[in-house]
Amino acid sequence: MVCQGHDTIICPKCIENHDGCKGIIPLSKVIENVEKSILFHETKQSLKDNNENIKNLQNEFKKQQGSIKQQEETMLSQISEARKKINDHFDKLERKIRNDISEITTKINNDMNHTLQILERKTDTTNKAEQQLQDMDRLAKEVQTDLKVIRGIIALPSRNYALSDYHFSAESVCVFCTDWKRLSNISVKPAYAYDIAFLDDKKVVVTSNSDANKGVNLIDLDMKTTKYIPTTNQCYGIIHNNSLTNSANSNKYDLLISTFTGSPFSGGNVEMISNVGDHYDNFGQTRTVKLAGGLAWPNEVAGVPDSVFGKSMVVIPDGFLVPFHTKGAIYLVDISTGSPQGPYKITGTKEGNWFYHRVLFKDMDGDGDLDIVTCRAREPIFTIFSSKDSELLWLENPDNHQYTSVWQEHVITHGPDVYFRNLKIATPDGTLDVIATTEFFTRKLSIHWTTDSQNRWTDKSKIHSRVVDSNAGALFDIEVRDLNLDGKQDLLVVSNGNNGSVLAYEIPDDFRVGKFERHTLATGFTPATSGTGKGAPGSAFGFYPMKQNTTDKKPYILVSGDDDGKGYILEPSSSRTDDWSYLSHKFVDVGKGTVGQFAFADVNADGYTDIVVPAYNDGTVSLYTFAPSMSDSATTFG
């Protein structure tokens, strides 16, 4: 039962205590009312919701605990990974520093070893010179009472010595061994024994300046025989040069000819006419000797100074931008024997195909050996295989002077591509060694110099450059010459194109900062036919038509028209140093073809300049002369 008045549950025993209470009802009735009340249901739902919320909170806290653990593990992993990266970076940095130190140390050691080798060679040279002085001193003491008038003395390849005794009572050649014991005495009477030169170990040549016996004697030292060769004039000095014997009254020139074609199936050749002056009167029947074949596109072929290898060599810069002919190189050919040996390639194929136009032999590292200076370029059709580039560089002559494998390359700068010249220019700070370059593809005239006290080009921090002109078109060839006779060198430059020009630049007092005054000597050169790569003119050189009276006159200028097919001579209008005007004279016209680079010299020693003109399309070479009797004609072969 439930007492509603006291709001309590009562049992049958306790009911007597509630006799006076009203509202005593059965417990079942109360329960039935409670179950039917909204509050009960809401309370019951609320408790259920609270349980759900508690469970959700428990699950969330457990999830957060797991996430925190995962984050902890991630952070610890990231810390470990960061530490590993830091360690790897420091390990890599340590290795790089060690490698850099090793490379620097190796370079220093190599430079020091190279310097030591140079010093050793210098020491050997000094010792040899000292020994030679001692030998000469001993010679002077031992043979001065025997020989009368010593006019010439030479060291033979066998290391023996040959002397020419000019005294009228002797007129002989005496041969001594290295300890100055007399080996032989060979008379050349009635000729005189003036100067002497050697041909080989067994043969010498002696000049005679006698009025009655003008000429040279060819002497076989083993057989002790002489062969007298008369000459028109008296002979005095004589030298051995390029396997040719040149006396003071003769000039010997070898003509080097490069041939090529645009066909992808044909290669280029280099050919030579030895002693071209000897063929002067029958030039049209002259036959060439092939020095090298299968080349890409041989360009300015030249002789190598004898001092480089101790014998006669030819250098061939090869290659061009014409498709299938871009794989150029620098080759050497030995022409000191009966048949040419080579060609020997001394440039590599690093980073694509390069083409070369000109080579200069010059000591670039101060070791006493002549190295090679050159420019090169590459202009690939498809740049996916290699990029366009151009470089001024030098190739180091090996210590053993070998020429059958690649020489080490040293790039000076990028930009110069085809032609260049080396010159010395005085400045307020002294005379500097300079390389002037034309940049055909970037259309610039630039100048480069070294401030090294020994004129070395090995330290790039001492090499400087400046652009002289970038508004003169595609600049091609360059020459150094005092054009206006003011006592200062000028730059003679060709601008090649559809409206080409011949330009002159005056070098300022300080070329490093001063302005180069530009003068247009001739312009309006136009290719005879249109087409890709066509341009005019090609090259320009200063020269004199005659040997006499050249010291007080401005030089003439010889111009190759290139694709305009003509040859020109520019004559100075006056002798004034401020007058840069010229009269243009056309002396050759091959029509719509191309003329190559001209060669010029007094090849037959008649006192007049001769000009060799190659005609590309005709496949011919013509010889022109300023000599009065032949000036209106030309001889052609090919």
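Every residue gets a number counted from 1 within its own chain, in the order that chain's sequence is written. At least 70 in pLDDT is required for a residue's local features to be given in this predicted model, at least 80 for side-chain atom pairs to be given and counted, and no such filter applies to totals for whole chains, interfaces and linings, which use all residues. As a rule here, side-chain values cover all heavy atoms of the structure and leave hydrogens and water aside.

Trainee: Can you explain the overall build of the protein? Please cite residues and give values.
Mentor: A helix here means a DSSP run of H or I that spans at least four residues, while a strand means a run of E at least two residues long, and both kinds are numbered starting from the N terminus. On a plain count of helices and strands, the protein comes out with three helices and 40 strands. In this scheme, a residue with accessible area under 20% of its type's maximum is buried, one over 50% is exposed, and one in between is partly exposed, where area comes from a 1.4 Å probe on protein chains only. Looking at the protein as a whole, 40% of its 638 residues qualify as buried. Here the open area of atoms and residues is found with the Shrake-Rupley method and a 1.4 Å probe, where only the protein chains shown may cover a residue. Total accessible area on the protein is roughly 34,700 Å²; 51% of this is exposed by carbon and sulfur atoms.

Trainee: Residues and numbers for the sheet that holds strand β2 (residues 8-9), please.
Mentor: By definition, two strands form a pair when at least two bridges between them are found by DSSP. Across the sheet, three strands lie side by side as β2-β1-β3; this open sheet has antiparallel pairing. The open sheet terminates on both sides in strands that have one partner only, identified here as β2 and β3 (24-25). Note: strand β1 (residues 2-3) against β3, two bridges, orientation antiparallel. Of the residues in β3, the one forming a bridge with C3 is I24.

Trainee: Could you give an account of the pairing of strand β34 (residues 556-560), naming the residues involved and the relevant values?
Mentor: Counting buried residues along β34, four of its five residues qualify, which places the element largely inside the surrounding structure. Strand direction decides the pairing type here: strand β33 (residues 539-543) and β34, joined by five bridges, are antiparallel. Paired with F543 across the bridge in β34 is Y556. Note that β34 and strand β35 (residues 566-572) share four bridges and pair antiparallel. Across the sheet, the residue bridging to S560 is G567, located in β35. What sits between β34 and β35 in their antiparallel hairpin is a turn of five residues, with D562 showing a positive phi close to 60°.

Trainee: How would you summarise the environment of C177 if you had to cite specific residues and measurements?
Mentor: Summarising the element assignment, C177 is placed in the loop between β6 (172-176) and β7 (182-187). Judged by its relative accessible area of 14%, C177 falls in the buried class. Along the backbone, C177 and R159 are 18 residues apart, and their C-alpha atoms lie at a distance of 7.3 Å.

Trainee: Any chance you could break down the packing of aromatic side chains for me, citing the residues and the numbers?
Mentor: Aromatic pairs are defined between Phe, Tyr and Trp rings, using the six-membered ring for Trp, whenever the two ring centres lie within 6.5 Å; interplanar angles under 30 degrees are classed as stacked, those over 60 as edge-to-face, and all others as tilted. In total, this model carries 19 aromatic pairs according to the counting rule given. Their ring planes at 70° and their centres at 5.1 Å tell us that F309 and Y403 sit as a pair that is edge-to-face. Of this pair, F309 sits in helix α3 (residues 306-309) while Y403 sits in the loop between β23 (389-396) and β24 (408-414), and the two are 94 residues apart along the sequence. F309 sits in the buried class, given a relative accessible area of 14%. Summarising the aromatic geometry, the rings of F543 and F600 are spaced 5.9 Å apart at their centres and angled 55° between planes, so their arrangement reads as tilted. With a gap of 57 residues between them, F543 in strand β33 and F600 in strand β37 (residues 599-601) connect regions that are remote in the sequence. On the accessibility criterion, F543 (2% relative accessible area) is buried. In this structure an aromatic cluster arises from ring pairing among F260, W297, F320, F355, Y419, F440, F441, F476 and Y616. Both a distance and an angle decide whether a charge sits over a ring: NZ of Lys or CZ of Arg must be within 6 Å of the ring centre and within 35 degrees of the ring normal. Above the face of the W354 ring, R376 is positioned so that its terminal group lies 4.3 Å from the ring centre.

Trainee: Describe the layout of surface pockets, with residues and values.
Mentor: Over the atoms, a rolled probe matching the size of one water molecule traces out where space is still vacant. Only protein atoms enter the 1 Å grid, on which a cavity is a set of points fitting a 1.4 Å probe that cannot get out and a pocket is an open set with protein on both sides within 12 Å along at least 5 of 7 lines, lining residues being those with an atom within 4 Å of a point. Grid points are joined across faces, edges and corners, and a volume is the space filled by probe spheres set on the points. In this structure, the second largest pocket spans a volume of roughly 750 Å³. Lining the second largest pocket we find 24 residues, and of these K107, D111, H114, D365 and T458 sit closest to its centre. Listing elements by their share of the lining of the second largest pocket, those giving two or more residues are α2 (38-143), β23 and β24. With seven residues, α2 is the single largest residue contributor to the lining of the second largest pocket. For this scheme, ten residues count as nonpolar: Ala, Val, Leu, Ile, Met, Phe, Trp, Tyr, Cys and Pro. Four count as charged, namely Asp, Glu, Lys and Arg, and the remainder, Gly too, count as polar. Residue classes in the lining of the second largest pocket are distributed as seven nonpolar, eight polar and nine charged. Residue-level mapping places the lining of the second largest pocket at the junction of two domains, with at least three residues from each of domain 2 (37-132) and domain 3 (346-471). An automatic or database domain assignment provides the domain bounds reported here.

Trainee: Provide a residue-level description of the pairing of β6, including the pertinent values.
Mentor: On any regular strand, side chains alternate: one points to one face of the sheet, the next to the other face. The element β6 is largely enclosed, with a buried count of five among its five residues. The alternating pattern of β6 places S172, C174 and F176 and V173 and V175 on opposite faces, both of which are buried. The pairing of strand β5 (residues 161-165) with β6 spans five bridges and is classified as antiparallel. Of the residues in β6, the one forming a bridge with L163 is C174. Across five bridges, the pairing between β6 and β7 is antiparallel. Opposite C174, over in β7, you have N185 as the bridge partner.

Trainee: Give a detailed account of unusual backbone geometry, specifying residues and quantitative values.
Mentor: One can expect most non-glycine residues to show negative phi and most peptide bonds to be in trans. Look at the link from K189 to P190: it is a cis peptide, with omega at 5°. Cis geometry is found at the peptide bond from A536 to P537, where omega equals -10°. At K224, a position not held by glycine, the phi torsion is positive, near 55°. Mapped onto the fold, K224 is located in the loop between β10 (214-220) and β11 (225-230). Within the chain, N455 stands out as a residue other than glycine whose phi angle is a positive 60°. Tracing the chain through its elements places N455 in the loop between β27 (444-450) and β28 (463-469).

Trainee: Got a sec to walk through a nonpolar patch on the surface? Specific residues and values, please.
Mentor: Together, I86, F90, L93, I97 and I101 make up an exposed nonpolar region whose accessible area comes to about 470 Å². Among the secondary structure elements, I86 is positioned in helix α2. For I86, a relative accessible area of 46% puts it in the partly exposed group. Each patch is built from residues lacking any salt bridge and having more than 30% relative accessible area; the joining distance is 9 Å for like charges and 5 Å for nonpolar side chains (Val, Leu, Ile, Met, Phe, Trp, Tyr). The rule for a salt bridge is simple: a side-chain nitrogen of Lys or Arg has to be within 4 Å of a carboxyl oxygen of Asp or Glu.

Trainee: For the pattern of salt bridges, give the residues involved together with the corresponding values.
Mentor: Across all of its chains, the model carries 21 salt bridges by this definition. With a closest N to O distance of 3.1 Å, R376 and E409 form a salt bridge. On the criterion of sequence distance, the pair formed by R376 in strand β22 (residues 371-378) and E409 in strand β24 is long-range, its members being 33 residues apart. Residue R456 is joined to D452 by a salt bridge in which the shortest nitrogen-to-oxygen separation is 3.0 Å. R456 sits in the partly exposed class, given a relative accessible area of 31%. Connected through shared salt-bridge partners, E300, R358 and D477 make up one network.

Trainee: How would you summarise the nonpolar core if you had to cite specific residues and measurements?
Mentor: Put simply, buried Ala, Val, Leu, Ile, Met, Phe, Trp, Tyr and Cys residues joined by side-chain atoms within 4.5 Å make one nonpolar core. The biggest cluster of nonpolar side chains holds 39 residues, and the ones touching the most others in it are I447, L491, V502, Y505, F511, L521 and I557. The residues that make up this core include at least three from each of domain 3 (346-471) and domain 4 (484-597). Dropping the residues within four chain positions of it, Y505 is found in contact with L445, V468, D469, A472, D490, L491, V493, F516, E517 and R518. One finds V304, V308, I346 and W407 within the second-largest nonpolar core, a separate group that totals 17 residues. Whether two residues touch is decided by their heavy atoms; if any such pair falls within 4.5 Å, the residues are in contact.

Trainee: Would you mind going over the confidence of the model for the protein in detail, with residue names and values included?
Mentor: As a per-residue measure, pLDDT tells how confident the predictor is, with possible values from 0 to 100. Taken over all residues, the pLDDT of the protein has a mean of 84, while the share at 70 or more is 87%. In the model, residues 241-250 has pLDDT below 50 throughout and makes 26 contacts with residues more than four positions away in sequence or in other chains.

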